[in-house]
Amino acid sequence: MTAAALRPRARAPQWFTILWRNKKARFGMLLLLAFVLLALLAPVLAPYDPRDRSFAGGLPPSAEHWFGTTGKGYDVASQAIFGARTSLVIGLVAGAIATTISLLVGMTAGYLGGMVDEVLSFVTNLALVVPALPLMITLAAYVPGGGSEWMVIIVISITGWAGAARLKRAQILTLRNREYIQAARMAGDGTFHVIFREIAPNMTSLIVVGFIGAVGGAIGAEAGLAFLGIGNPDTISWGTMLYWANTDGALLTGAFARLVVPGLLLALLTTALTFVNFGVDALSNPHLREP
Amino acid sequence: MAYFARRIGFFLLTLWGAVTLNFLIPRLSGGDPAQAILQRIAGKEARVDPAQLAAVRAMLGVPDEPLWRQYLDYLGNMASGNFGVSYTYFPYSVSEVIGEAVPWTIVLVGVTLVLSFAIGTLLGTWVAWRRGTTFDSVLTVTSAFVGTLPFFWIALVLIYVFAITLGWLPPSGGFSGLLEPAPTAAFVADAWPYFILPAAAIMITGPIGWLLGMRNNMVQSLGEDFARFGRAKGLSNRRLAIAYGARVAILPNVTGFALALGGLIGGTVLVEQTFNYPGTGRLLLEAVSNKDYPLMQTIFLFIAVGVLVANLVADVLYGVLDPRARRREAA
Amino acid sequence: MHARSRRRSRARLAACAAAAALALTACTGGGGGGGGQGSGAPGDRLTDEGRVSHLVLGDFSGQTNPKANYNPFSATALGPLWTIYDQLYVVNSYDCTEEPQLATGYEWTSPTELRITTRDGVTWNDGEPFSARDVAFTFNLLRDNPALDTRGVAPGLVGAEATSGTEVVLTFEQPSFSRSGMYLQTLVVAEHVWADVDDPVTFTAEDAAVGTGAFTVKSFNPQRFTVERNPDSWRADTVVVDEPWFEKADAGGQVDQLKLARGEYDNNSMYVPDIEETYVAKDPEHHHYWFPSGSPISLFMNLEQAPFDDVEFRRAISVGLDRVALTEDAGSGYVEVASQTLLVLPGQSDWLDPTIPDEGYLPYDPDAADAALTAAGYALDDSGRRLGKDGEPMRFSFITPQGWSDWTAAANSLKDDFDALGIQVTVETPEFPTLEQDRLVGNFDMTFGVRAGQCSMFQNYDEPLGSANAAPIGERATTNEVRWSDAHTDDLLAQLAGTPDADEQKPIVHQLQQVMVDEVPFIPLWYGGKWFEFTTKNVTGWPSAEDPHAGPDNQHLIFTRLTPVTG
């Protein structure tokens, strides 16, 4: 009997069934799908070009402008629809980068132990200690291409990987002493082989939860940065919509739609991701599964 | 013993690393503090007089020394508590400026943190006990959704409804300006209405993390073997819940609480910025945008120390509360 | 079993709700913060002596949690120190006339000597008499402490000496008429207070805000700064306000706009989007505003880089920019298009060169721009991109400060104009200090710059065009960021510096305008707006478009020309 045959299979299609059965995860997946479609089909769904400023500013919701226009004359609905793209893209890319870093750092530290672990844990602790928001603000000034989306992505990734790295390291510590891993090592498998072919599959749910969490966090971070006015306020995203609503006097003139729409969309997207995560949680913890 | 010694060693090393990082990052981005201050004074569209610039630079005494020399000075100053003079608030010292802001943050964040923790943990326990019921689903789903609402959005909505439309509460600031800030009853009465909206904004999403965490942990611990054994033994459900379930489940939350306390000073930037609340979070934002190195460094330092101390306390607490951790570590 | 825990939790919830309700009811009475000054009725604030009890004014410090600093020369001084200290003269920023304050006359007895006559019978607010010695002391203080010299008075100043109780003589190294206005606008401090100060740079004068001004300090806290009328000041009878209150503004701006809309400010200088609807419409009878033009905001091109070093290119571009669209983007239509002559029109039209067509206002003619560019050797390729002389499609970056949303909008509008000409422009928004650094060392393609708009014509043209103010790329220029270096211009500037007489200066200034129009060293786009809102509920006499008797920043003039409303 080889180590491979004894290895518990965590990548069976069984996972989808479990997810789907979980009502929250199902709802989350559908909602996520809706957003993805919204982003992909934006040019078709949006009534106007989001950068079209030919309308009068500050119009209330009407038949021509479902949510009215912004203070500068953009159509709110079109901006909201195209904003989905920015949020999703930045969220996915930043989340992926942060997860990759956390994976590399956490797994290497946890598996190799010793000096490598000390150094990497030290770096992780450092990254946790420096406060995220001020660091982002400072970095935004330093990273070249000031104002572009890539800067936002880089900044969010740099500040967002540490927590997940800690978790992965902890998980690996518990896994590394399991029998099948020891068997693989005794069989002579190389370090990276053991980490990525033997251990990682068992950590799938943790990695996926981490990734989805990172995406959600990145979406929120982008919104927060945009709201503070960092990055280019002329990109079309839900965060910049809120920024403009705040500076254009939306509260004063009672243009509630400009405020509510981007906020709700942000919340719904993040909720979708969170719900999917509920389901993924259930994958690793049978106690949380729906009966 | 070794467990605690290692922790302390780690703490010191990370502190050094954080302090060094705090020194490097603001300086890496270049830019001229004098310019930042000046434009703030002159106003956005005004021409900045070169004479003013020269004067401000002379006033600040921005150093020409080589970086490593500045670094050594910086380390020495941090260790001796000589935090220098703020650029933005020249000629007032950094200690004085921070000292004024700290009480506001401590009150706002301290109170809401404790309340959030208490409410969240209690609700989480209750929900976990009723898991599987409609009550559980409704509460979990609602709180998950509410937890994803962007904080500043909630703040804006609150301001819009309560301050602008209804006019019940002041929309921003920490106090009215009719009285000087002082630890007197009269001032507290004056400042109290300004506390409500920021606290409410925090309290809407605050307990949720604790709630969901506690729920998940409890579900986990109630499912473990020792709980099953307890049930088999015939323990009452309540005893089971509290002594077996909650007591174990609360451990991560307790360490989480300690960590959150540590992040007190830095974690409030968004709150204070949106409500213009005179705490250290807003001060930090101001320092960063003004390239006020002395002020920025010191606040970063406090945050780093706070978080690291909290980490240390949390680890120690965990070691004390959960004997398994100590044993695990020794293994 | 769990009933008790449920009950306990319910009780807890109930308690919380009750507490919350109590809290709210406690607040409803007060109308929320701010002392509830609201607006009230006209004439409400009239005192028995026929003055107004208080006026609510805007922000008093750039800091978010202000600390007291009454040192008028400190860079972190409070804003409203004009209430406490006086200048020798006030230069009216609208029409540039000089109004005597602590000085009653002056004369350049030689190009390097300025003789000032000071006012008699003035006392400091602590009772000591004011004299020319205080003026001399002030100038020497600035000369000896460069960190205090925020006006640039000291360079070239040899010294100041009081030759009598009412006369001061300033001696300079070089002819200095061109900076006459600067010297005259210096605030004066008391010798008997400052002579004993150890370090004037860190002196905040907290317990010793001694000035000759119309008001004295009453109270200070980070939210509000209050001054009260000084009945013994030399013009106490023109002061009709007993207590100006300065209130801390809000970082977000929206709350402040709300207070403004409700009429809670008697006067403020804030940018308000859609002012007609958000401010004037709330009380059309009393709410007014006036936005006179300030310094022009110009398109700066790095003249050390191709193709910006080609005058044909610059001339072509100058008619390819839609300035009217810019005024809508940058200032919601409140600001005016700028003249290429660099003058602020119509305020400075006295100086205008009549031979320049259309007062220097350039048209928006993209076709002409296109033709001119092609004629100059910058043709379009097949995909519509304009090629530089090196055969490559032209691509530039435009930097504008992060967070200055109206400038970003303007930059994007310019980007569209360039797009229409086939030139690709990327707008970048680095943080302000980084951008400033880049601008000064010449690390930019294009950016905005704010120069001129002052009353001193020499300063207006010398700062952006004088070659002494430039520097090689990589070193910091003082004020000539575009790096314009031209012998003819320098010659004109030297001539201008040498004559104090306005009539002699005018022909020289005409020639400088011609340099602007013919050589296009940079392109003024729109005049920055000076925001100024006021209500006539408690006082009238504010400057306005109908009655521009002072500029919005001439508080010394404004606050001595108000009349109380009697209701």
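Residues numbered from 1 in each chain as written. Chains lettered and ligands numbered in written order. Predicted model: local features only at pLDDT ≥ 70, side-chain atom pairs only at ≥ 80, totals over all residues.

1. Some words on the overall build of chain B
Using the following cut-off: Every helix listed is a DSSP run of H or I at least four residues long, and every strand listed is a run of E at least two residues long, numbered separately from the N terminus. Neighbour counting defines burial: a residue surrounded by 20 or more other C-beta atoms within 10 Å of its own C-beta is buried, one with 12 or fewer is exposed, and intermediate counts give partly exposed, using backbone-placed C-beta atoms. Two residues qualify as being in contact provided that their C-beta atoms, derived from the backbone, are within 7 Å of each other.
Tallying secondary structure elements over chain B gives 14 helices and zero strands in all. Seen in sequence order, chain B has helices and strands lined up from the N terminus as α-α-α-α-α-α-α-α-α-α-α-α-α-α. In chain B, which comprises 331 residues, the share counted as buried stands at 49%. Of the contacts formed within chain B by residues at least 6 apart in sequence, a portion of 73% connects residues at least 24 apart.

2. Here's the deal with the overall build of chain A
Helix and strand counts for chain A stand at 15 helices and zero strands. Here chain A holds 291 residues, and 53% of them are scored as buried. Within chain A, contacts between residues at least 6 apart in sequence are counted, and of these 72% link residues at least 24 apart.

3. With respect to the nonpolar core
Using the following cut-off: Buried Ala, Val, Leu, Ile, Met, Phe, Trp, Tyr and Cys residues form a nonpolar core when they are connected through C-beta atoms within 7 Å. Either an automatic procedure or a domain database provided the assignment from which the domain bounds are taken.
The biggest cluster of nonpolar side chains holds 256 residues, and the ones touching the most others in it are Ala218 of chain A, Val56, Ile299 and Ala304 of chain B together with Val135 of chain C. Counting contributing residues, this core receives three or more from each of domain 1 (3–58 + 249–291 + 537–564) and domain 2 (89–194) of chain C. When neighbours within four sequence positions are excluded, Ala304 of chain B is seen to be in contact with Val129 of chain A together with Leu15, Ala18, Val19 and Asn22 of chain B. Core analysis: the second largest hydrophobic core is formed by 61 residues, Leu321, Trp404, Ala409 and Phe444 of chain C among them.

4. Some thoughts on the environment of Val105 of chain A
Here Val105 of chain A lies in helix 5 (residues 76–112). Beyond its immediate sequence surroundings of up to four residues, Val105 of chain A is in contact with Leu120, Thr124 and Ala165 of chain A.

5. Some words on the interface of chain B and chain A
The interface is formed by 35 residues belonging to chain B together with 32 residues belonging to chain A. Among the elements of the structure, helix 1 (2–28), helix 6 (134–148), helix 7 (151–165), helix 8 (185–223), helix 11 (269–275), helix 12 (280–290) and helix 13 (293–321) of chain B are those that each provide at least two residues to the side of chain B that touches chain A. Considering each element in turn, the side of chain B that touches chain A owes the most residues, eight residues, to helix 1 of chain B.

6. Side note on the pairing of strand 4 (residues 103–110) of chain C
All names here are of chain C. Stated formally: Strand pairing is assigned whenever DSSP detects at least two bridges linking the two strands.
For strand 4 and strand 5 (residues 113–118), the ladder comprises six bridges, and the chain directions are antiparallel. Note on strand 5: the bridge partner recorded for Glu107 is Arg115. Counting the residues in the hairpin turn of strand 4 and strand 5 gives two residues.

7. Observations regarding helix 3 (residues 50–60) of chain B
In plain terms, the rule: Summarising the geometry, the arc corresponds to the directions from the helix axis toward the C-beta atoms.
Turning to helix 3 of chain B, its buried residues are Gln52, Leu53, Ala55, Val56, Met59 and Leu60 of chain B. One side of helix 3 of chain B carries all its buried residues, which in axial view fall inside an arc of 165 degrees.

8. Focus: the sheet that holds strand 12 (residues 287–289) of chain C
The strands making up a sheet associate through backbone hydrogen bonding, with each pair oriented either parallel or antiparallel. Residue and element names in this part refer to chain C. In space, the three strands of this open sheet follow the order 11-18-12, with antiparallel pairing throughout. Because the sheet does not close on itself, it has two edges, and the strands there are strand 11 (267–268) and strand 12. As paired elements, strand 11 and strand 18 (residues 533–535) share two bridges and run antiparallel to each other. Along strand 18, the bridge assignment pairs Asn267 with Phe534.

9. Quick look at the sheet that holds strand 16 (residues 446–450) of chain C
All names here are of chain C. Defined as follows: Note on definitions: angles span 0 to 180 degrees between N-to-C directions of axes, and those axes are lines fitted to C-alpha atoms, for helices only across the stretch in contact.
Reading across from one edge, 15-14-16-13-17 is the order of the five strands in this open sheet, with mixed pairing throughout. The sheet terminates laterally at strand 15 (424–428) and strand 17 (523–529), the two strands that pair on one side only. Strand-to-strand twist across the sheet, computed as the mean angle between neighbouring axes with direction ignored, equals 30 degrees. Direction of pairing for strand 14 (residues 395–399) relative to strand 15: parallel, over a ladder of five bridges.

10. Side note on the confidence of the model for chain B
Residues and elements named next belong to chain B. Where we set the bar: Confidence of the predictor in every single residue is expressed as pLDDT, which spans 0 to 100.
Across chain B, the average pLDDT comes to 78, with 87% of residues at 70 or higher. Here helix 14 (residues 323–330) stands out as the least confident element of chain B, with mean pLDDT 61; helix 5 (residues 94–129) is the most confident, with 88. Reported for the predicted complex are a pTM of 0.80 and an ipTM of 0.78.

11. A few points about the packing of helix 12 of chain B against helix 13 of chain B
Residues and elements named next belong to chain B. Test applied: Any angle between 65 and 115 degrees counts as roughly perpendicular, while under 35 counts as roughly parallel, over 145 as roughly antiparallel, and the rest as oblique. Should the near helix be turned anticlockwise from the far one by less than a right angle, the crossing is termed left-handed; should it be turned clockwise, right-handed. Gly is placed with the polar residues, together with every amino acid not listed as nonpolar (Ala, Val, Leu, Ile, Met, Phe, Trp, Tyr, Cys and Pro) or charged (Asp, Glu, Lys and Arg).
Relative to each other, helix 12 and helix 13 sit at 140 degrees, their axes nearing to 8 Å. Between helix 12 and helix 13, the angle falls in the class oblique. Handedness of the helix 12/helix 13 crossing: left-handed. Of the residues in helix 13, those in contact with Thr280, Leu283, Leu284, Ala287 and Val288 of helix 12 are Leu295, Met296 and Ile299. Class assignment for the residues of the contact of helix 12 with helix 13 results in seven nonpolar, one polar and no charged.

12. Notes on the packing of helix 5 of chain B against helix 8 of chain B
Residue and element names in this part refer to chain B. At a minimum axis separation of 6 Å, helix 5 and helix 8 run at an interaxial angle of 35 degrees. Handedness of the helix 5/helix 8 crossing: right-handed. Per-class residue counts for the contact of helix 5 with helix 8 are 21 nonpolar, nine polar and one charged.

13. Some details on the environment of Lys67 of chain C
Inspection of the secondary structure assignment puts Lys67 of chain C in the loop between strand 1 (52–57) and strand 2 (89–91). Separated by 94 residues in sequence, Lys67 of chain C and Glu161 of chain C have C-alpha atoms that sit 34 Å apart. What Lys67 of chain C contacts, discounting residues up to four positions off in sequence, is Tyr89 and Tyr92 of chain B.

14. Things to note about helix 7 of chain B
All names here are of chain B. The criterion, for reference: Helix span, as expected, comes to 1.5 Å for every residue beyond the first. Each residue is assigned a bend, namely the angle between axes fitted to the seven residues that terminate at it and the seven residues that start at it.
If you check helix 7, its first and last C-alpha atoms are 20 Å apart, about what 15 residues at 1.5 Å a residue would give, namely 21 Å. At Ile159, helix 7 shows its largest bend, some 30 degrees. Taken as a whole, helix 7 has its buried residues at Phe151, Phe152, Trp153, Ala155, Leu156, Leu158, Ile159, Tyr160, Phe162 and Ala163. Looking one or two residues beyond helix 7, the residue adopting positive phi is Gly167, at roughly 70 degrees.

15. Things to note about unusual backbone geometry
Note on backbone geometry: most residues besides glycine have negative phi, and most peptide bonds are trans. The amide bond that connects Phe90 of chain B to the next residue, Pro91 of chain B, takes the cis arrangement and shows omega of 0 degrees. Structurally, Pro91 of chain B can be placed in the loop between helix 4 (67–80) and helix 5. Cis geometry is found at the peptide bond from Leu345 of chain C to Pro346 of chain C, where omega equals 5 degrees. As for its placement among the helices and strands, Pro346 of chain C is situated in the loop between helix 8 (323–331) and helix 9 (366–375). Positive phi is not limited to glycine here, since Asp358 of chain C has a value of about 55 degrees. Within the secondary structure, Asp358 of chain C is located in the loop between helix 8 and helix 9. A tally of 9 C-beta atoms within 10 Å means that Asp358 of chain C is categorised as exposed. One non-glycine residue, Val520 of chain C, adopts positive backbone phi at about 50 degrees. By the element assignment, Val520 of chain C lies in the loop between helix 14 (502–519) and strand 17.

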